[in-house]
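So the chains spell out like this:
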Amino acid sequence: STEKLWGGRFTQQAAHWVDEFGASISFDQELADEDLQGSLAHVKMLKKTEILPAEDADQIVAGLESLVQQLHDGKLKFSVENEDIHLNLEKILTDQIGPVAGKLHTARSRNDQVATDFHLYVKNQIPQVVKELKHLQQVLVDLAQDNVETIMPGYTHLQHAQPISYAHYLLAYFEMFQRDVERFEFNMKHADILPLGAAALAGTTFPIDREFSAQELGFSDVYHNSLDAVSDRDFALEFLSNSSIMMMHLSRFCEEVILWCSFEFNYLELSDKYSTGSSIMPQKKNPDMAELIRGKSGRVIGNLMGLLTVMKSLPLAYNKDLQEDKEGVFDTVKTILPSLKIFGEMIGTASIHKEKMEEATQNDFSNATELADYLASKGIPFRQAHEIVGELVLKGLQTGKRLQDITLEEYKQISPLIEEDVYHDLESKVAVERRNSLGGTGFAQIKKNLVRAQNLIDA
Ligand code: ARG
């Protein structure tokens, strides 16, 4: 027998690099608290079911509670020789309370243990992510509130399309983040299922009470198939997938912030607090934070691809490959929480060059649809109206004459139905205000959506 906790059937020590290569303690110590909580619930269950004598269980509970304290005080030292967080903690417990610690692992395997820890971890993180998402949504709603009548070009193909309100633009991202919130909330349903009690893969002969363990740990359900319990990582994949979609949203937003801070657009200027300079070019003010968040979306999507690839050919049930499930999730949490926070502060403190935005809608023929709609409302078939306005735009581009510069006499030659009121319709602000169809950029729609958005945040 060797010194390992599993050393009974071994006569030789593992090669030195097997210990090192196989160890996960360098990263799974992140799960120390979850592991102790899982063990506490397990031993209380062993006591309740009389699988362990009460005195033994009480001793173990006291020992584990002391470990929780020592962990919080930063006093626990882990070692690669003890492989992972589970064996490290069990070893420390044994050193501190003696051989009775060996009874803790009755009716349990590291397979259901690590799955339990990981579920607890994801369950603990989801509310943090939702909180940051809602925080960012509030920033967007507050900004939108102040910018209902801020007019800017709306784009398709990155070409000026029709004027819109900056608030409408901001609220589009609000909607994306709302779906992210809902996805993370749904993620909770699958994270909230307890694997503990599945043991190694097949359940156990001991009369355990899994519902009791679930109650102790605050889970609303237990896995109903022990093979699935120890090998399922869908809850982690869902977390990574939700995070990837969320980062994709942030990355699109960042891309626009970067464009809009350029000399060519000049719609936004980031606060000095969220910009950086250049070590060689004194005039530079760079949107580094936006670029970094855009870049970090790649890292999070990579974490999703990494775990999907680990999982895709794994036979049931536990395989050591599953030890590769954790780092990408930890890294994702450490990436998305600050990304959300920094993005919110960056966009919330940026100055908005309202005149620049509105000016960009004056000379770009983005009121062409208004004129076509005007003609159509006078009875000219829309297709014909489109053709007429298209020709006016072509001529205007050659002569520098905008649609609002064409005289009423000239318009009358196109159609005697055109009146003085056409000029009102051609103003970009009017074009925005009038788009009052449900979900449109019209001011009344935006105001309705601001109320709806605030209600969703407060829900
Ligand atoms: N460190 C392992 C992991 O993260 C714990 C489970 C080990 N189980 C086993 N049968 N070797 O997956």
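Small disclaimer: the values here were computed from a predicted structure and weren't measured. (Residues numbered from 1 in each chain as written. Predicted model: local features only at pLDDT ≥ 70, side-chain atom pairs only at ≥ 80, totals over all residues.)

1. Let's talk about the site of the ligand
Phase 1 of the analysis: Around the ligand lies a shell formed by S24, D28, D84, R110, N111, V114, Y318, K320, L322 and Q323.
Phase 2 of the analysis: The greatest single-element share of the shell around the ligand, amounting to three residues, is contributed by helix α6 (residues 110-146).
Phase 3 of the analysis: When residues are assigned to domains, the shell around the ligand turns out to be shared by domain 1 (15-106) and domain 2 (111-359), each giving three or more. (Near = placed C-beta within 6 Å. Helix = DSSP H or I, 4+ residues; strand = E, 2+ residues; numbered from the N terminus. Domains from an automatic or database assignment.)

2. Quick word on the domain arrangement of the protein
Phase 1 of the analysis: The domain architecture assigned to the protein consists of domain 1 (15-106), domain 2 (111-359) and domain 3 (368-458).
Phase 2 of the analysis: Taken together, the contact between domain 1 and domain 2 spans 18 residues of the former and 19 residues of the latter.
Phase 3 of the analysis: Per element, the largest residue contribution to the side of domain 1 that touches domain 2 is nine residues, and it comes from helix α3 (residues 32-48).
Phase 4 of the analysis: When grouped by side-chain class, the residues that make up the side of domain 1 that touches domain 2 number five nonpolar, seven polar and six charged. (Contact = placed C-beta atoms within 7 Å. Nonpolar A, V, L, I, M, F, W, Y, C, P; charged D, E, K, R; others polar.)

3. With respect to the UniProt feature "domain: Fumarate lyase N-terminal" (unreviewed entry) in the protein
Phase 1 of the analysis: UniProt records the feature "domain: Fumarate lyase N-terminal" (unreviewed entry) at residues 8-302, using the numbering of this structure.
Phase 2 of the analysis: Overall, residues 8-302 shows 61% helix and 6% strand. The separation of its end C-alpha atoms is 40 Å. (UniProt positions renumbered as here; feature names shortened; annotations may be inferred.)

4. Some details on the packing of α6 against helix α7 (residues 166-191)
If you want to describe how two helices pack, look at the angle between their axes and the distance between the axes.
Phase 1 of the analysis: In the contact formed by α6 and α7, the axes pass within 9 Å of each other and the chain directions differ by 165 degrees. Taken together, α6 and α7 sit at an angle that is classed as roughly antiparallel. By crossing handedness, the relation of α6 to α7 is classed as left-handed.
Phase 2 of the analysis: Here the residues of the contact of α6 with α7 are counted per class, giving 20 nonpolar, four polar and four charged. (Axes fitted to C-alpha atoms, helices over the stretch in contact; angles between N-to-C directions. Parallel < 35°, antiparallel > 145°, perpendicular 65-115°, else oblique. Left-handed = near helix turned anticlockwise from the far one by under 90°.)

5. A closer look at the environment of A191
Phase 1 of the analysis: Mapping A191 onto the fold places it in helix α7.
Phase 2 of the analysis: Exposure remark for A191: the 23 C-beta atoms within 10 Å place this residue in the buried category.
Phase 3 of the analysis: Placed 48 residues apart in sequence, A191 and F239 show a C-alpha to C-alpha distance of 9.0 Å.
Phase 4 of the analysis: The contacts of A191, once residues within four sequence positions are left out, are H119, V122, K123, I126 and F235. (Buried ≥ 20, exposed ≤ 12 C-beta atoms within 10 Å, placed from the backbone.)

6. As for the environment of I245
Phase 1 of the analysis: Mapped onto the elements, I245 comes out in helix α10 (residues 234-260).
Phase 2 of the analysis: The contact partners of I245, leaving out residues within four places of it in the chain, are D180 and R183.

7. So, the nonpolar core
Phase 1 of the analysis: Counting 95 residues, the largest nonpolar core has V122, L140, M152, L170, L171, F174 and A236 as its most contacted members.
Phase 2 of the analysis: Setting aside anything within four residues of it in sequence, one finds V122 in contact with A191, F235, A236 and F239.
Phase 3 of the analysis: With eleven residues, the next largest nonpolar core counts A368, Y374, L403 and Y411 among its residues. (Core = buried A, V, L, I, M, F, W, Y, C linked by C-beta atoms within 7 Å.)

8. Here we look at helix α15 (residues 382-399)
Phase 1 of the analysis: Taking 1.5 Å of rise per residue, the 18 residues of α15 would be expected to cover 26 Å, and the 25 Å separating its terminal C-alpha atoms lies within 8% of that figure.
Phase 2 of the analysis: Along α15, the residues that are buried comprise A385, V389 and L392. Each buried residue of α15 lies within a common arc of 55 degrees when the element is viewed along its axis, so the set occupies one face. Looking at α15, the residues exposed on the side facing more than 90 degrees away from the buried face are R383, Q384, E391, L394, K395, L397 and Q398.
Phase 3 of the analysis: The secondary structure elements touched by the buried residues of α15 are α14 (368-377).
Phase 4 of the analysis: Positioned one or two residues after α15, G400 has a phi angle of 75 degrees, which is positive. (Expected span 1.5 Å × (residues − 1). Arc of directions from axis to C-beta.)

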